[in-house]
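A closer look at the structure
This is what each chain is made of:
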Amino acid sequence: MYFYKNEFIHKKDIQISPDDRGYYFGDGIYEVFRVYNGQIYEGEAHMQRLERTASEVRLQLPYNNEEIIDIINKLIHHNNLIEGTVYLQITRGEAPRAHPFPAQAEPILLAYCSEVKRPLSTIQNGIKAITQPDIRWLRCDLKTLNLLPNVLAKQAALDHGVQEVILHREGTVTECSASNLMMVKDHLLYTHPANHLILHGITRAVVLRLAHALQVQVKEEPFTTEQLLQADEVFITGTTVEITSILLIDGQVIGTGTPGPITQRLQAEFERTFLQ
Ligand code: PMP
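All values derive from a computational prediction rather than experimental measurement. (Residues numbered from 1 in each chain as written. Predicted model: local features only at pLDDT ≥ 70, side-chain atom pairs only at ≥ 80, totals over all residues. Heavy atoms only, no water.)

1. As for the domain arrangement of the protein
Split into domains, the protein comes out as domain 1 (2-115) and domain 2 (120-274). Each of domain 1 and domain 2 was reduced to a C-alpha centroid, and the two centroids are 27 Å apart. Between domain 1 and domain 2, the contact holds 24 residues from the first and 20 residues from the second. Its salt-bridge partner being Arg52, residue Asp141 comes within 2.9 Å of it at the nearest N-O pair. Taken together, the links from domain 1 to domain 2 amount to 11 residue pairs in polar contact (both at pLDDT 80 or more). Secondary-structure elements contributing two or more residues to the side of domain 1 that touches domain 2 are helix H1 (21-25), strand E3 (28-36), helix H2 (43-56) and strand E5 (84-91). Examining the composition of the side of domain 1 that touches domain 2, we find that 8 residues originate from one element, E3, more than from any other. Partitioned by chemical class, the residues of the side of domain 1 that touches domain 2 number 10 nonpolar, 8 polar and 6 charged. (Domains from an automatic or database assignment. Contact = heavy atoms within 4.5 Å. Salt bridge = Lys/Arg side-chain N within 4 Å of Asp/Glu carboxyl O. Polar contact = N/O pair within 3.5 Å; in protein donor to acceptor, adjacent residues only side chain to side chain. Helix = DSSP H or I, 4+ residues; strand = E, 2+ residues; numbered from the N terminus. Nonpolar A, V, L, I, M, F, W, Y, C, P; charged D, E, K, R; others polar.)

Below you can see the structure in the form of structure tokens.
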């Protein structure tokens, strides 16, 4: 069961117009929610980010917060979802192709859930990554449908036989194609500040809270790709990847080549907080 344009509907019955501005311009915004034990993870934080993105791109949300949460909960319920994700996007609506905001169009909300298991194997065994220039625009804090640079980066990773791309702007590490990045050096946890150059990840914020609780000192400071390669531990954070170690970057082994102690403590604390 999906939700599209004010109704719960089967996927096969959804009719999407070619005039949807999501197609012409990527003119829309989205969120991916995680569901653990049938419950939305960090729902409020996702809603705040959705509202902020909507306001920054001047898109009027068609429902208020409670109504959106209610739609998500109904989808979870209708689909008997225990563990998975809910994808939700809102486009600026349907109108003949022209750049200015259409006078008449109503924003359109699409939402559905998918059964997605936790990526236990990569959480335990880590992943490999390559670095690449960050070619995105200067509002990476907004969660919009314009994901072509992220798509190209992710495909480049797969083409190189690795799972993720670490993006940098002239040598300063920002984040990854679909996750935030953190590194540990001399027991300090470093990550790029939450400004316009990265997405303000929900799990990034959770991990910084957990680090604080575990008395790991956090430095929200930019660092370079050279510093990254010298790190003791490197990991990514994200709603679907949770906390996943990166063990090899551009062919170079990071730390001991196994998930590091601070990464493991954070993942254990994450599980204790959200999964028990
Ligand atoms: N950065 C980018 C570019 C992403 O696409 C994602 C995943 N949505 C993240 C970071 C992680 O954000 P979150 O923790 O909210 O999933």
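2. Focus: the site of the ligand
Close to the ligand lie 17 residues, the nearest being Arg49, Lys143, Glu175, Ile202 and Thr239. Thr203 places a polar main-chain atom, nitrogen or oxygen, 2.9 Å from an oxygen atom of the ligand. Thr239 is positioned with one of its side-chain polar atoms (N or O) 2.6 Å from an oxygen atom of the ligand. Look at the ligand: alone it shows 390 Å² of surface, and the protein chains cover 91% of it. For the shell around the ligand, the residue count by class is 4 nonpolar, 9 polar and 4 charged. (Near = heavy atom within 4 Å. Areas by Shrake-Rupley, 256 points an atom, 1.4 Å probe, with all protein chains shown as cover.)

3. Considering the nonpolar core
Counting residues in hydrophobic clusters, the biggest one holds 25 residues, and the most contacted among them are Leu50, Ile68, Ile72, Val86, Leu88, Ile90 and Leu109. The element contributing the most residues to this core is helix H3 (residues 65-78), with 5 residues. With residues up to four places along the chain from it excluded, the contact list for Leu88 reads Ile29, Tyr30, Glu31, Phe33, Leu50, Ile68, Ile72, Leu109, Leu110 and Ala111. Listed in part, the 18 residues of the second largest apolar core include Met182, Ile202, Val207 and Ile262. (Core = buried A, V, L, I, M, F, W, Y, C linked by side-chain atoms within 4.5 Å. Buried < 20%, exposed > 50% of the residue type's maximum accessible area, 1.4 Å probe, protein only.)

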